[in-house]
Structures are given as structure tokens and as C-alpha cells.
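Now for the letters of each chain:
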Amino acid sequence: EDQVTQSPEALRLQEGESSSLNCSYTVSGLRGLFWYRQDPGKGPEFLFTLYSAGEEKEKERLKATLTKKESFLHITAPKPEDSATYLCAVTSNAGNMLTFGGGTRLMVKP
Amino acid sequence: DAGVIQSPRHEVTEMGQEVTLRCKPISGHNSLFWYRQTMMRGLELLIYFNNNVPIDDSGMPEDRFSAKMPNASFSTLKIQPSEPRDSAVYFCASGPQSSNTEAFFGQGTRLTVV
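Predicted, not measured: the structure shown is a model, and the values here were computed from it. (Residues numbered from 1 in each chain as written. Chains lettered and ligands numbered in written order. Predicted model: local features only at pLDDT ≥ 70, side-chain atom pairs only at ≥ 80, totals over all residues. Heavy atoms only, no water.)

K.L.:
Kindly report on the environment of Phe105 of chain B, identifying the contributing residues and their values.
P.N.:
Here Phe105 of chain B is to be found in strand S10 (residues 104–105). Each C-alpha atom of the pair Phe105 of chain B and Ile79 of chain B lies 21 Å from the other, and the pair is 26 residues apart in sequence. Setting aside chain neighbours within four positions, we find Phe105 of chain B in contact with Tyr36, Pro44, Leu98 and Phe100 of chain A together with Val4, Tyr35, Phe91, Cys92 and Ala93 of chain B. (Helix = DSSP H or I, 4+ residues; strand = E, 2+ residues; numbered from the N terminus. Contact = heavy atoms within 4.5 Å.)

K.L.:
Go over the sheet that holds strand S8 (residues 74–79) of chain B with me, naming the residues and quoting the values.
P.N.:
Through backbone hydrogen bonds, the strands of a sheet pair up, either in parallel or in antiparallel fashion. Residues and elements named next belong to chain B. Read across the sheet, 4 strands follow the order S1-S3-S8-S7 without closing on themselves; strand pairing throughout is antiparallel. Both outer strands of the open sheet, strand S1 (5–7) and strand S7 (65–71), are each paired with one neighbouring strand and no more. Adjacent strand axes in the sheet meet at a mean angle of 15°, parallel and antiparallel pairs treated alike. Taken together, the 5 bridges between strand S3 (residues 19–24) and S8 define a ladder with antiparallel strand orientation. Bridge pairing links Thr20 to Lys78 in S8. (Pairing = 2+ DSSP bridges. Axes fitted to C-alpha atoms, helices over the stretch in contact; angles between N-to-C directions.)

K.L.:
Got a sec to walk through the interface of chain A and chain B? Specific residues and values, please.
P.N.:
Taken together, the contact pairs 19 residues of chain A with 20 residues of chain B. Approximately 1600 Å² of surface area, both sides summed, lies buried where chain A meets chain B, with 54% of it carried by carbon and sulfur atoms. Viewed at the interface, chain B and chain A are joined by 0 salt bridges. At the junction of chain A and chain B, the tally comes to 5 residue pairs in polar contact (both at pLDDT 80 or more). Only strand S4 (30–38), strand S5 (45–50), strand S9 (84–92) and strand S10 (95–100) of chain A provide two or more residues apiece to the side of chain A that touches chain B. (Buried area = accessible area lost by both parts, 1.4 Å probe. Salt bridge = Lys/Arg side-chain N within 4 Å of Asp/Glu carboxyl O. Polar contact = N/O pair within 3.5 Å; in protein donor to acceptor, adjacent residues only side chain to side chain.)

K.L.:
Summarise the pattern of salt bridges; cite the residues concerned and give the values.
P.N.:
All names here are of chain B. In total, this model carries 12 salt bridges over all chains according to the counting rule given. The residue Arg64 makes a salt bridge to Asp86 at a minimum N-O spacing of 2.7 Å. Taken together, the positions of Arg64 in the loop between strand S6 (53–56) and S7 and Asp86 in the loop between S8 and strand S9 (88–95) put the pair 22 residues apart, joining distant regions of the chain. Grouping residues by exposure puts Arg64 and Asp86 together as buried. For Arg85, the salt bridge goes to Glu83, with nearest N and O atoms at 2.6 Å. Since its relative accessible area comes to 23%, Glu83 is described here as partly exposed. The structure contains a network of salt bridges with shared partners spanning Glu62, Arg64, Glu83, Arg85 and Asp86. (Buried < 20%, exposed > 50% of the residue type's maximum accessible area, 1.4 Å probe, protein only.)

This is the structure:
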């Protein structure tokens, strides 16, 4: 059974204070690792897909990296509008469905 | 494209009543997923369709839950009879027929059973 664990559960940052979110996974043959952003009252919004160890992707202040056991979402000089819950998910040889972690709730204060 | 469309956005019902949630996936997507989100358990997969056929329904909690996909542009999730513990946000998502590509989520239906 695929398992995804995210840490920390919550993270408070000052505007401009860079940090990283962690996503550890155990799967039977990783097909893809996905990062989503979720704002209150809305559905998860797709950010990145990573497929193999060593891969990196960037979007504005966000950079996602992948190893054989975990992924990191690095947030550089965050702004209050980056406040949201960040969700990590995987697909594997088990099928097309996403298995999600519990999420990290990020709060960025001005 | 308007994205994945779910209705209703909010539903309040009494215990024992039947509830039907609706989803219109993104045109051209072959996979459709129903997820449930709660504070305690996060996002859980309920059922997954591929080309309108249910592939994995192991996440469906009980026989009170049923899902159908009569065609490529419509799916329903039905709860009968509903119970207070079914209160949650239910999301529908769709994606291309591949485990390498992302799924796109609707805005969800917030269900409250009183």
C-alpha cells in the first residue's frame, strides 16, 4: 500500500523567510510525485509533477525536488499570498489514482 | 475549458435522506476520481473510473455509498441513507488516461448531515 507522509503539519513564516516542506513516500514503483496547493474552500490546484530522482521544477518562489525516498518543496522569500495548504501525492504501479499526504498548512505573516 | 464542475457546492440534509453529488469532468479526460476530505483523515480516494468503468472502489466506505458514470461527461456519487459521519467535502477530479499525469480537481461539495 502506497504511503505518503508530510512534515511539518503546520509552518509559520515571516514574509521573506525561506523554508522547505517535506514529503516522504513509500510506494511500489513510483510513477509520479505531485504537489498541489489548496486554499480554504477550494479544490486542490496542481503545481508540479516529478518523475525521477534528481529532477527539479520551479515556479515563481517555489521549487520542488525529488529523491528516491522524499520530495521537498522549497519556498524562497515567501509572501503572504503563498499562505495555503500544500499537498503531496503519488501515483504508482498500483494504478492511476493519487495517494495524498496529510498536507502542510503554511502561514506567511507580513 | 471550465474545468471540473461539481454540484451542488453545499448540501445540508437530514440523517436518513438520500444525497446525490454530481460531477462533470474535463472534456477528453479518461479518468475520473471521487475523493472525500475531512480534517481527521485528509483526502481519501473513494472510487476511480477509467473510460467510464469503475476500476477501484475499495475506498467506498459502505454499501450506503454508490457511484456511477453513465457517460464520459457525467458522474454521480450517491449516499443512501446518509449519516452525520458522512459530513465532509467531496471532490471530483479528472485526468488523462495515464498514471504519469496530474489530476484536476473541482471546487468540491460540502456535505453536512444533521
